[in-house]
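In case you want the letters, here they are:
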Amino acid sequence: MKKIYVFLGPPGSGKGTQAQSLRQSMDCVVVSTGDLLREEIKRETVLGKKIQTVVESGGLVPDELLIAIIEPLVSGLSQEPGAVIFDGFPRTVGQAKQFDQLLSTLGRSIEQVLYFDASLELVLERISGRRICSYCSHTYHVVHVPPKQTNVCDECGHSLIVRDDDQANVVRKRYQAYCDQTAILRSYYEDRCAVIDTSQSLKVITRAVLDTFGCGNRC
Ligand SMILES: [Zn+2]
């Protein structure tokens, strides 16, 4: 049965990159609420329109909207071995409690929470290099995860862009909102949370993540 992991950290902490590389190297499904939200916006559903208004103003999506999107996913979790990583969810204690309740009704629980610690300075530096495929949403970084050909997606050949919510003023706002909301969340998860220092090299960070997964060199 897939073990459930939660990746926490401010936008730009690199948790998404780690999740993506784990997906490629081991039996692992990544649930990115960011992708789910963008998909909902793209489909222009009622939920999607509400979400778009919040995102454009630089705010955070309300709990009830996120839970509404997460619930069908959790109920459909595979019985196969491997891991499911929730990337960027939950963000509030309210969400965490509802998530715990949801898992408990399914006889499940979170295996481990990983907190990707990063300063605003570091986040700004990282995000300024971030690019996303305009077609398939695969993410890159001009320094850390460059595409083979400049500004072209390795996966599908479409052009890479800077997302609206990767602009510096929006990033600052989101970082502050994230820190305000998650300070208390970290204490909620204290007994099952490992802190990853993301000011280190990508290699060291990856090693630290794999150690918490308890899979050593294998993955
Ligand atoms: Zn692509």
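Structure shown above.
None of these values were measured; they are calculated from a predicted model.

1. Quick look at the overall build of the chain
In terms of regular secondary structure, the chain is built from eight helices and eight strands. At 17 Å, the chain has a C-alpha radius of gyration in line with the 17 Å of a compact globule built from 219 residues. Buried residues in the chain amount to 44% of all 219 residues. Looking at the chain as shown, the accessible area adds up to about 11400 Å², and 50% of this sits on carbon and sulfur atoms. The chain carries 25 positive and 26 negative side-chain charges, and their two centres are separated by 2 Å.

2. Overview of the packing of helix α3 (residues 46–56) against helix α4 (residues 63–75)
Where α3 contacts α4, the axes come no closer than 11 Å and their chain directions differ by 135°. Considering the angle they form, α3 stands oblique to α4. Crossing handedness for the pair α3 and α4: left-handed. For the pair α3 and α4, contact is made by Leu47, Lys50 and Ile51 and by Leu65, Ala68 and Ile69, respectively. A class-by-class count of the residues in the contact of α3 with α4 yields five nonpolar, no polar and one charged.

Calculation criteria
All residue numbers refer to positions counted from 1 along the written sequence of the respective chain. Per-residue local features are limited, in this predicted model, to residues with pLDDT of at least 70; the limit for side-chain atom pairs, both in listing and counting, is 80 or more; totals at the level of whole chains, interfaces and linings are taken over all residues. Side-chain descriptors were evaluated using all non-hydrogen atoms of the structure, hydrogens and water having been removed beforehand. Starting at the N terminus, helices and strands are each numbered in turn, a helix being any DSSP run of H or I of at least four residues and a strand any DSSP run of E of at least two. Computation of the radius of gyration draws on C-alpha atoms alone. For the globule rule, the value is 2.2 Å times the number of residues to the power 0.38. Each residue gets one of three labels from its accessible area relative to the maximum for its type: buried under 20%, exposed over 50%, partly exposed in between, using a 1.4 Å probe on protein chains only. The Shrake-Rupley method, run with a 1.4 Å probe sphere, supplies the accessible areas, and residue values consider only the shown protein chains as cover. In this count, Lys and Arg are taken as positive residues and Asp and Glu as negative ones, while His and the chain termini are left out. Where a charge lies is defined by one atom per residue type, namely NZ (Lys), CZ (Arg), CG (Asp) and CD (Glu). For helices, the fitted axis covers only the stretch in contact; all axes are lines through C-alpha atoms, and the angles between them, taken along N-to-C directions, range from 0 to 180 degrees. Our angle categories are set so that under 35 degrees counts as roughly parallel, over 145 as roughly antiparallel, 65 to 115 as roughly perpendicular, and the remainder as oblique. A clockwise turn of the near helix away from the far one marks a right-handed crossing, whereas an anticlockwise turn of less than a right angle marks a left-handed crossing. Throughout, a residue-residue contact means that at least one pair of heavy atoms, one from each residue, lies within 4.5 Å. For this classification, the nonpolar set comprises Ala, Val, Leu, Ile, Met, Phe, Trp, Tyr, Cys and Pro, the charged set comprises Asp, Glu, Lys and Arg, and every other residue, Gly included, is treated as polar.

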